[in-house]
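What follows is each chain in one-letter form.
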Amino acid sequence: MALDIQSAVDAKTARIALAGELDGSSAPALRETVDRVLGGKPTQLVLQVEKLSFMASAGLRILIFAKQKQPGLKIYLVKPQPGVVDTLHKTGFYDGVYVTDDEPALA
Amino acid sequence: MDERIDFYPTHEVGGIRFRRGRPLPFGATIVPNGVNFSIFSSAADSCTLVLFHKREAEPFVEIEFPREFRIGDVYSMIVFDLDYENLEYGYRLSGPWNPEAGQRFDKAKILCDPYAKVIGGRDVWRAKPDWSDLYQHRARLSFDDFDWEGDRPLEIATKDLIIYEAHVRGFTAHPSSKVSAPGTFAGLREKIPYLKSLGINCIELLPIYEFDEWENNRLHPETGELLLNYWGYSTLGFFAPKAGYAATGSLGMQVDELKNLIKELHRAGIEVMLDVVFNHTAEGDQRGPYISYRGIDNRTYYLLTPEGYYYNFSGCGNTLNCNHPVVRNMVLDCLRYWASEYHVDGFRFDLASILGRDQNGAPLANPPLLESLAYDPVLSKCKLVAEAWDAGGLYQVGSFPAYGRWAEWNGRYRDSIRRFIKGDAGMLGEIGNRIQGSPDLYWYRGPTASLNFITCHDGFTLRDMVSYNGKHNEANGERNNDGANDNNSWNCGWEGETDDPGVNALRSRQMRNAATILFLSRGVPMLLMGDELGRTQGGNNNGYCHDGALSWLDWNDVKRETGLLRFFSNLLAFRRAHSVLRGDRFFEHRDYVGSGKPDISFHGTRVGQLDWGGRCLAFLLCGKHATPQDDDLYVAINMFWDGLPFQVPQAPEGKRWRVAINTSMPSPEDIYDSKGGPQVGSDEIIVGGRSIVVLVA
């Protein structure tokens, strides 16, 4: 299943909506998108992942990449599916992101 | 300013661009825009890098190292524009086939990098492998981007350690564990509160380097049970964690999951010690598979007979050539990697005496590897613990080359305490030494050189030690011929499980006796997973091949064995509360602080009168000699079968003795909390048959 990526930057908030599966083959496209939206120096990155059914190592590593690229960046995962949350917990990524059911306010 | 470009492609094969690499470090290292591959072989004629997309049978490219890419005996190259997440790599080495000269090159084989940080192929525990795959154990890249959030090794003083020896899978694989991912690093992480409440501060994990649970798999001829390599003492790759121990192994995230476990254990004040197996590899003898070392540089990595066969000091087919400078460096690189990249706090070396043999197998007086480990700057705060013997007959308990750094699994402690508990007479001189941290063995090293244990993964569990006279290993499918025969165990009157309340009461008491002696001895105590819950293996003393109820911890026992668990957790708390039990110096048997009594004194049933040929031993520890100052403790051990009156020494001025432990009493009067139990009303106490009383004042 392919990955659909939609992005928008609003003030200091970058939004990316993902649908499908984020695996090794689709991760480079997301990485490119993240790289591009971080160019605007947002303070928060909001990932809409309600329709994301699977996130592999490559996808999680993009979150780290974003934090490394822009220290202090707040990353929100909005409505992740249980499988994604579970992987975040087991691998320790959970501590580095904000998991939420609601879209955060604009920064 | 423009970014510098130091690495640029100079060659191309099939659209893949590459250039000469850097010989160090060995292994695959991510560099700007590419990956540096470096591998050593002293005898190969040529070397080819083989690159795969993850899990694919056929490589997408094979690149032979051009002659100019070899420096000395090291082949290195940088390959550009690789998809790191989706890459697997291996090597083909071409060279002479001359087994008598120790060379066994075979270019048809694809070999795993000895420095592989991640190895695929056994991603999910017990998932049946594709045996047709030419490349079974597939090297992958690792990423060092884990967020440790300031974590570092804990550096707990060795004298204060309380070690818990556990099997990652066996700890939570049982459905009763109720964790979200049974049998994994993540499952273990969910049970940290249990470890914390038990009171241990170091967990020693049975091997977690990548191994193949399918190695030597077979069906039990009668029961049909699938027997696997469950323990994992058979390393495929020294730098890679066992993928099948990670719930996220199928995602290739075992590195992150293990690091997350270690970080959380550290947050709970628990150190992590790894049981490491450098004495042999999973390649077996000349009949074994080609995985890595054999096909890369057989003569360097293994101890070989003059005829080119494998020396077998490990009992597992081959012996790693640990004191060859190249192999020695690999061991050092490996341990430094685990200490720095995984924040591991210490290592227990399986069959460590092999690490002190020279290239012909002879024991060395001054083994370079052991010395290097002892003085290594990166490992300087790591605990180093030797299993100070090997399967080739070298037994070095008390004489392992220590360089002031190494501790030892004290096998003599285990054997002597077991014999004393089962009622052997004439043990008191021996037991006196063991309780004091074995000054007869470690007089020049101190009591923290003595890692005290009565049970470990190898042998009977504590409950089985008091329930079986002999081993019952029929389930291993070797007609009960495997496993040790000298168990020093006693079944308390009936072989195996029984409803007899008298036998069961005695067993409960004997388990408490063993635990009390262990945690009141000077040195470093180690507890076997599940002994605190009375775990049984049904008399099997060699559970290496059982991935099932026989070897898993049954968490229902937490509710069934509340009394025993309470005894253990209070006993561990007692040890933590009393500095007089945890000194890092040997007792001097004299008063050097002016307290009016020596730091330790031994007694019999009468104060100052010890019957060395008997079965009763009492000792008094003077708390004023401890740092910080502590209470006095009086310990009366009666391993005679009847109760006996013990004369109690005078309590410190202005204080009264209180009962802390009495193993002859039913729970909860068998052990009291830190405030102590009832006061002792007279200068004589009755210590029940096969019982221990501990008083505190």
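Residues numbered from 1 in each chain as written. Chains lettered and ligands numbered in written order. Predicted model: local features only at pLDDT ≥ 70, side-chain atom pairs only at ≥ 80, totals over all residues.

Colleague: I keep staring at the overall build of chain A and nothing clicks. Help me out?
Modeller: Check the secondary structure of chain A and you find three helices and five strands. Secondary structure of chain A in N-to-C order comes out as β-β-α-β-α-β-α-β. Against the 2.2 N^0.38 benchmark of 13 Å for 107 residues, chain A shows a C-alpha radius of gyration of 12 Å, consistent with a compact globule. The dimensions of chain A, computed from C-alpha atoms along their principal axes, are 30 × 25 × 25 Å. Within the span of chain A, comprising 107 residues, buried residues form 34% of the whole. Sequence-distant contacts, at least 24 apart, represent 74% of the contacts inside chain A between residues at least 6 apart. (Helix = DSSP H or I, 4+ residues; strand = E, 2+ residues; numbered from the N terminus. Rg over C-alpha atoms; globule rule 2.2 N^0.38 Å. Buried ≥ 20, exposed ≤ 12 C-beta atoms within 10 Å, placed from the backbone. Contact = placed C-beta atoms within 7 Å.)

Colleague: When you look at the interface of chain A and chain B in this model, what are you seeing that I'm missing?
Modeller: Accessible area lost upon the coming together of the parts is a frequently used measure of interface size. With 15 residues of chain A in contact, the opposing surface of chain B contributes 22 residues. When contributions to the side of chain A that touches chain B are tallied by element, the ones reaching two or more residues are helix 2 (57-69) and helix 3 (82-91) of chain A. Here the side of chain A that touches chain B is composed, by residue class, of four nonpolar, seven polar and four charged. (Nonpolar A, V, L, I, M, F, W, Y, C, P; charged D, E, K, R; others polar.)

Colleague: Is there a simple way to think about the sheet that holds strand 32 (residues 691-696) of chain B in this case?
Modeller: Pairing between sheet strands relies on hydrogen bonds along the backbone, with the strands arranged either parallel or antiparallel. All names here are of chain B. The strand order 26-27-28-32-30 describes an open sheet built from five strands, whose pairing is antiparallel. The sheet is open, and its two borders are formed by strand 26 (600-603) and strand 30 (658-662), each paired with just one other strand. The mean inter-strand angle of the sheet, taken between neighbouring strand axes irrespective of direction, is 15°. Examined bridge by bridge, strand 27 (residues 616-621) and strand 28 (residues 633-638) share six bridges and lie antiparallel to one another. Each bridged residue has a counterpart across the sheet, and for L617 the counterpart in strand 28 is I637. (Pairing = 2+ DSSP bridges. Axes fitted to C-alpha atoms, helices over the stretch in contact; angles between N-to-C directions.)

Colleague: What am I meant to see in unusual backbone geometry here?
Modeller: What is expected of a backbone is that most residues other than glycine have negative phi and most peptide bonds are trans. Residue and element names in this part refer to chain B. Residue P25 is reached from L24 by a cis peptide bond, and omega for that bond is -5°. Here P25 shows up in the loop between strand 2 (16-20) and strand 3 (27-31). Cis geometry marks the peptide bond from S667 to P668, where omega comes out at 5°. Inspection of the secondary structure assignment puts P668 in the loop between strand 30 and strand 31 (684-687). For R126, which is not a glycine, the phi torsion comes out positive at approximately 70°. Residue position: R126 is located in the loop between strand 12 (118-120) and strand 13 (138-140). Even without a glycine there, the phi angle at Y403 is positive, about 50°. Relative to the elements of secondary structure, Y403 occurs in the loop between strand 22 (383-386) and strand 23 (406-409).

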